Structures are given as structure tokens and as C-alpha cells.
Amino acid sequence: MKKSLKKTLFAGVAALSFVAVAGVSSTNASAKSYAKVTSNKALTSDATTRNVNFNGTNALYTKAGTLKGAKVVATKTTTKALANAQTGKANLRAYRVATTNRGSVYYKVVSFDKQYRGWVYGGKSTSAFAGGVASYATTKDATAPASTNTYKLSSTSTTANTTLFKAPAWTQYKVGRAVVDGKTLTSTDAYKDAVLTFNKAVTTSREGDTWYQVASVNGSTTNGLVGAWVKASDVTTTNPQSDTAVRFVLTDPSGNVVKTLDYAKANAKSGDTLGSLKGTNGSYTWTLSSDVAADLQSKINAALSGTGYSYNVSQNAATLAQAQAGSTVTLPVTKGDVVYQTLKPYVATKDDVTSINPLTANSKSAGAFFKGQFTEGSQTIKIGELVHTDSDGKVQSHNDSLSTVKAYIDDVKDDKDTALANLNNDVKEYAANFYLAPANISTSDLFSGTKGSAFSSQDVLNYLAKHSTLNTLKSPIYPVFNADGTVKEWDQLNLNATSANSGTFGSSPVQVVYTYGDGSAVSDPFSATNNGSSVNPFEQ
């Protein structure tokens, strides 16, 4: 037994020695090279536009995956599982971006439950999330209950708050329970008898839970709880159906509830039908009286106002006539006269938001670059001379200096530093008047509604907030100069939607005002594109 063990050990050591020698030989022949980080900075766009999801194609690392010492935080198998997880805890927020000397982009992300944090490959451009992550909407629009419907919390507690949230649970990073009068709500007992109405609804993308946003509390729209969110399953209706009325549930083609309407004809009793059977030529048919048909059509029209849907009572009279008081009937509704409202973008002067200028789409031939010119002192600064593009905006060649910039600075006798700062500020302010056409916009992404119905300024801002490429536009890429006329770096601005006008669907384009801060350096400017989409939500 001992002799056998010794032989086994000897054979193992010999094999290990062979592997070690082979390993040394391989290492000497080809030493592994690692990437290096050339840029690493915080993402500053609106946090809600940085919600992302794994694609499951790349692992999560402690640092950019191609850097020396990078360790796996989550394998591709794990990221794929997280991508398909049915809990909002797996949602991710991106908060830093790094670029390597190989042109690769990496994003630092954290899961909403903070269980996963690290770097994931993000493609070759910082203009949009790509590679192992993609932009992710944590909620989808749903239909809110009718404003006439009232509700109460199904249960309350004197020691805990598990129902009222500032945003639907796990749909925004670090956004938790409702805040009332500046304090986080830790008890729901104060609202045990409160009568609530709701004006907005969403469905969480992962769990599929429907949440309602509070519109009023005991009839007040200024109560501190207004704006909080509660899960639909945590409230109970306070206006149950009468046994003398028919409850019509109006649903879209997918079966989602658009509106609910209770209808009772005069002097109805429980079990009465809305219509009656009438005999004609030896047969019987269900019919509605003209006054009931007209009254019901009027009430359905009022319920569907502003939804874009319609329902024709006369074409469905036989079905409606059989509806009994005390019963619930589902009616499929169809899209009405829907129009897509265009937007007219403006940009506010950085230091005076009351002064605005029209925002213009950068031309296709200019590509992703600012190509304007302007006069400083006696010099005409032609920015377009720096980057030469073809008719499709693709970069053909580029220069790293402008002699006119150097000439302008040389002409200044006194404070050259101030002159250079003013020049660079002028370049930025000129570039801020243009935007790159948003990509990946389809007809379903447009701002739509029933023709003639009104929308508020907040409706416009809410629409933009759901589309990150519209809520935050990108300016053309522009140069930042040194005093000798050379380009210090190429910068780009985030133009953020901050205000909008109200209006009526089908009318003239509605004004949206964008503001901006300081520019951010573009790590790989000459690979940037300005492709846009075939569908444009902005006025041409």
C-alpha cells in the first residue's frame, strides 16, 4: 500500500514539473498585454435615464475586464439570469463610464438591491449604452382608474409602512418609501380612513405589478401624500357597483382596462336588462330604445375622452341590450382619431434661462461635429476647418489646430487667459444651439393623443422622461482650444429638457426648453455618428 502511494506521488510531481516547464516556456514566448484606462468619470445625466439591464452577453468585473487584475463579480450565466429576473431588485443603475486605450467602453453599475456592483463592457462609444448593457424602462404605462373611482388602503399599520412609496418599489435606485412634509413615512395609520383617487398607473416591467399614483386624499390635491405610489393590490374600492347598474369595463385590444363605467337606466331593478326582446316577422331580436342608446353613447364618450379610444353603441346594440343590472360586461374599444404631436425644441442661455434660442438639428453632412464659424476680434474662427466630413457626415480627415485661434490670442495685448476662456465659452455657446438627431425612435415612441384633446406641460415632460434620448439631447462635438490654436480636447453637451408648454393634440408644435451645464470630453470623437431615425418627434 505504501509503495503504491509513493509511485502515485512521484508520478504526480513529474507531471506537475512538466506543466511548470511548459508554462514558463509559453510565458516567455508571449507575455500577455493588458489594456489601460484612458478616461474614467461619473455619469451626470438625469439618474432616471441611466437605468439599465444586462444583456447576458458579458460578465461583470471588479474593473474593466481587460485590465490587469480584473476579477469576475458575476459570470455571463449570472448576468443572463439577472437580465431575466422577475424582481426589480435586479434592475441596474449606471453611474460611471471608463474608456480604455483599445477604444472599449465600460460602465460601472450597481443592482438596485446593491448585491452586484462592478464594471461591464459597454461597446465602443459613450453615446449610448451597448455591449453587455442596454437602457431599460423599469415600468410601462398602464391605465389609471377613472377619476370618479375612490379607494382606501386595504390595511394600515401604526409601526410600519409597506404600501406607500415615493416611486413604485424597486423601480428607481435608492428611492424608497413616501415622504410627507419632509419626513419619510414610517407608519400608515394616519391614512386608515383616507379616501384616495388616482390619476396615473404603471406596471413594473419585471414583476408585472400595477401601481397607482395618488391624485387626491379626502378630496384634497395638496395633501402631502399626493404623488405617492401604492400597489393596486393594496387598495380597495369604496364605490362598489350598485345592483341596479351595469358595470362596463372598457378594454383595449390587448385586454388592458382603459376605463370603467357604471350605467343605470331609469327605474332599473337588479337583474333588469338595458334593452328588450322585440318580435319582428316571426323572430325576436334584442334592441335598445333610442333614449337609452343615446344616453349610453354620451356617457361612454365622456369616459373615453382623452384616451384615444372610442366605442360605437349602435353597432353593438344587441349585445348591450342584454346587459343586466348588477352584472359586469367587458366592451372592447378601438383607437379613435389619434394624432402625433410634434415638439419644437429651444435651448436656454446657460446663465439666463429666460433667454431661449431655437435648437436646430445638426445637418447630416456635418455629422456629429459643430461646423459653425464666428468672429472674435479681427479673426474669423471657422470651426468647420478642423474636421472634414463627406455628405453622410463620416469623418474623412481632421486637423488638430486653427491658425486663426492662435492669431486671435496673439492679438490680445492684455489678459490672454481671459481671452482664451471667452473664446472657448463662445464655441460652446454656439454649439449649444444644435443637437444630434435622436436614434432608435419609432412611431410608437411619438407623443400622441386624441385629436382636439388637451395636454399639460407636465404631460409633455412625463413623455420625455420615458425616452432618455429625447429627454437628454446631445450637442454636436466641439473643440476646446489651447492658446497656441491646438485642440486641447473635444467636448459635448448634455441638453436636458426642463420645461414645456401645454397645448392641444393636432395643433401647432409644442415648445420644449432644454438647458445645459459644462461640457464633457469625448474619448473617441472621430468615431461618433449622427444617424438619427426615420421618425423624428421634433419639428423639421
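Residues numbered from 1 in each chain as written. Predicted model: local features only at pLDDT ≥ 70, side-chain atom pairs only at ≥ 80, totals over all residues. Heavy atoms only, no water.

### Things to note about the overall build of the chain
Within the chain, the regular secondary structure consists of eight helices and 42 strands. The C-alpha radius of gyration computed for the chain amounts to 31 Å, which surpasses the reference 24 Å derived for 540 residues by more than 25%, pointing to a less compact arrangement than a globule. Across its three principal axes, the chain shows a C-alpha extent of roughly 100 × 95 × 55 Å. Taken over 540 residues, the chain has a buried fraction of 39%. Within the chain, one finds 52 positive and 38 negative side-chain charges whose respective centroids are separated by 15 Å. (Helix = DSSP H or I, 4+ residues; strand = E, 2+ residues; numbered from the N terminus. Rg over C-alpha atoms; globule rule 2.2 N^0.38 Å. Buried < 20%, exposed > 50% of the residue type's maximum accessible area, 1.4 Å probe, protein only. Lys, Arg positive; Asp, Glu negative; His and termini not counted. Charge placed at Lys NZ, Arg CZ, Asp CG, Glu CD.)

### A look at helix 3 (residues 290-304)
Over its 15 residues, helix 3 extends 21 Å from the first C-alpha to the last, a length consistent with the 21 Å expected when each residue adds 1.5 Å. Among all positions in helix 3, only Val-292, Leu-296, Gln-297, Ile-300, Ala-303 and Leu-304 are buried. One face of helix 3 carries all of its buried residues, which in axial projection span an arc of 130°. Across helix 3 from its buried face, at more than 90 degrees, point the exposed residues Ser-290, Asp-291 and Ala-302. The inward-facing, buried residues of helix 3 contact strand 18 (246-251), strand 19 (257-263), strand 22 (309-310), helix 4 (317-321) and strand 23 (328-332). (Expected span 1.5 Å × (residues − 1). Arc of directions from axis to C-beta. Contact = heavy atoms within 4.5 Å.)

### Things to note about the sheet that holds strand 18
Spatial ordering of the open sheet is given by 19-18-23, a layout of three strands whose pairing is mixed. At either end of the open sheet lies a strand with only one pairing partner, and these are strand 19 and strand 23. Adjacent strand axes in the sheet meet at a mean angle of 20°, parallel and antiparallel pairs treated alike. Alignment of strand 18 against strand 23, held across five bridges, turns out to be parallel. Counterpart to Arg-247 in the pairing with strand 23 is Thr-328. Helix 3 rests against strand 18, strand 19 and strand 23 of the sheet, and its axis sits at about 145° to strand 19. (Pairing = 2+ DSSP bridges. Axes fitted to C-alpha atoms, helices over the stretch in contact; angles between N-to-C directions.)

### Things to note about unusual backbone geometry
Phi at Trp-170 is positive, roughly 65°, even though this residue is not glycine. Its relative accessible area of 34% is what places Trp-170 among the partly exposed residues.

### Examining the sheet that holds strand 37 (residues 478-481)
Across a sheet, paired strands are connected by hydrogen bonds in the backbone, their directions being either parallel or antiparallel. Read from one edge to the other, the open sheet built from three strands follows the order 37-38-42, with strand pairing classed as antiparallel. Looking along the sheet, the strands with just one partner apiece sit at the ends: strand 37 and strand 42 (520-521). Here two bridges tie strand 38 (residues 487-492) to strand 42, and the two strands are oriented antiparallel to one another. Counterpart to Gln-492 in the pairing with strand 42 is Ser-520.

### Overview of the packing of aromatic side chains
Across all of its chains, the model carries 17 aromatic pairs by this definition. When the ring of Tyr-151 is compared with that of Phe-198, the centres are 5.3 Å apart and the planes differ by 45°; the resulting orientation is tilted. Placement of the pair is Tyr-151 in strand 10 (residues 151-153) and Phe-198 in strand 14 (residues 196-204), with a sequence separation of 47 residues. In terms of burial, Tyr-151 and Phe-198 fall into one category: buried. Arranged with centres 5.7 Å apart and planes meeting at 20°, the rings of Phe-369 and Phe-526 form a pair that is stacked. Of the two residues, Phe-369 is situated in the loop between strand 28 (360-361) and strand 29 (373-376) and Phe-526 in the segment after strand 42; the sequence distance between them amounts to 157 residues. On the accessibility criterion, Phe-369 (1% relative accessible area) is buried. For Phe-526, a relative accessible area of 28% puts it in the partly exposed group. By the ring-pair criterion, three or more aromatic residues cluster together here, those being Phe-447, Phe-455, Tyr-463 and Phe-505. (Phe/Tyr/Trp six-rings, centres within 6.5 Å; stacked < 30°, edge-to-face > 60°.)

In short, geometric facts, not functional conclusions.
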